[in-house]
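Coordinates in review
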Amino acid sequence: MKVLVISLRRLGDFIQAIPAISGLKTELKVDRLDLLTHGGPRAMQPMLGDIDHWWSLDREELQEGMARADV
């Protein structure tokens, strides 16, 4: 089974979700675990060895672009 976890909230919310994210591989026998976050939580990557691929986006750029009429 492949799972993509999307966490676009603040760093504190991400930290609270770490036990649930880590448990996916061990408890549910997930074969591939990918994670999508904004740039902030990316610094915690060494603490989450169970992640197969970490995707990130620039949250500030995304928010700024959503407020512009020309985008």
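Residues numbered from 1 in each chain as written. Predicted model: local features only at pLDDT ≥ 70, side-chain atom pairs only at ≥ 80, totals over all residues. Heavy atoms only, no water.

Read across the sheet, three strands follow the order 1-2-3 without closing on themselves; strand pairing throughout is parallel. Sheet topology places strand 1 (2–7) and strand 3 (53–57) at the edges, where each strand pairs with a single neighbour. Averaged over all pairs of adjacent strands, the angle between strand axes in this sheet comes to 15°, irrespective of strand direction. Relative to strand 3, strand 2 (residues 32–38) is paired through five bridges, and the arrangement is parallel. Its bridge partner lying in strand 3, Leu36 is registered against Trp55. Helix 1 (residues 11–27) rests against strand 1, strand 2 and strand 3 of the sheet, and its axis sits at about 165° to strand 2. (Pairing = 2+ DSSP bridges. Helix = DSSP H or I, 4+ residues; strand = E, 2+ residues; numbered from the N terminus. Axes fitted to C-alpha atoms, helices over the stretch in contact; angles between N-to-C directions. Contact = heavy atoms within 4.5 Å.)

Right, let's talk about the confidence of the model for the protein for a bit. Looking at the protein as a whole, the pLDDT averages 84, with 99% of positions reaching at least 70. Ranking the helices and strands of the protein by mean pLDDT puts strand 1 first, with 92, and helix 2 (residues 59–66) last, with 75. (pLDDT = per-residue confidence, 0-100.)

Once that is clear, we can look at a negative patch on the surface. Residues Asp58, Glu60, Glu61 and Glu64 make up a contiguous surface patch of negative charge. Tracing the backbone shows Glu64 in helix 2. (Patch = residues over 30% accessible without salt bridge, like charges linked within 9 Å, V, L, I, M, F, W, Y side chains within 5 Å. Areas by Shrake-Rupley, 256 points an atom, 1.4 Å probe, with all protein chains shown as cover. Salt bridge = Lys/Arg side-chain N within 4 Å of Asp/Glu carboxyl O. Lys, Arg positive; Asp, Glu negative; His and termini not counted. Charge placed at Lys NZ, Arg CZ, Asp CG, Glu CD.)

On to unusual backbone geometry. Unusually for a residue other than glycine, Lys29 sits at a positive phi of about 55°. Tracing the chain through its elements places Lys29 in the loop between helix 1 and strand 2.

Once that is clear, we can look at the side chain of Ser7. Within the secondary structure layout, Ser7 lies in strand 1. Filtering out sequence-adjacent residues up to four positions away, Ser7 remains in contact with Phe14, Leu36, Thr37 and His38.

What follows covers the side chain of His38. By secondary structure assignment, the location of His38 is in strand 2. Leave out the neighbours within four places in its chain, and His38 touches Ser7, Leu8, Arg9, Arg10, Ser56, Leu57 and Arg59.

On the surface, Leu4, Ile6, Leu8 and Trp55 cluster together into a nonpolar patch covering about 400 Å² of accessible area. Within the secondary structure, Trp55 sits in strand 3.

All right, on to the packing of aromatic side chains then. Geometry of an aromatic ring pair is reported as the spacing of the ring centres plus the angle between the planes. One pass over the full model with this rule turns up one aromatic pair. Relative to Trp54, the ring of Phe14 has its centre 5.9 Å away and its plane inclined at 50°; by these criteria the two rings are tilted. Here Phe14, found in helix 1, pairs with Trp54, found in strand 3; they are 40 residues apart in sequence, far enough to count as distant. When sorted by exposure, Phe14 lands in the same class as Trp54, which is buried. (Phe/Tyr/Trp six-rings, centres within 6.5 Å; stacked < 30°, edge-to-face > 60°. Buried < 20%, exposed > 50% of the residue type's maximum accessible area, 1.4 Å probe, protein only.)

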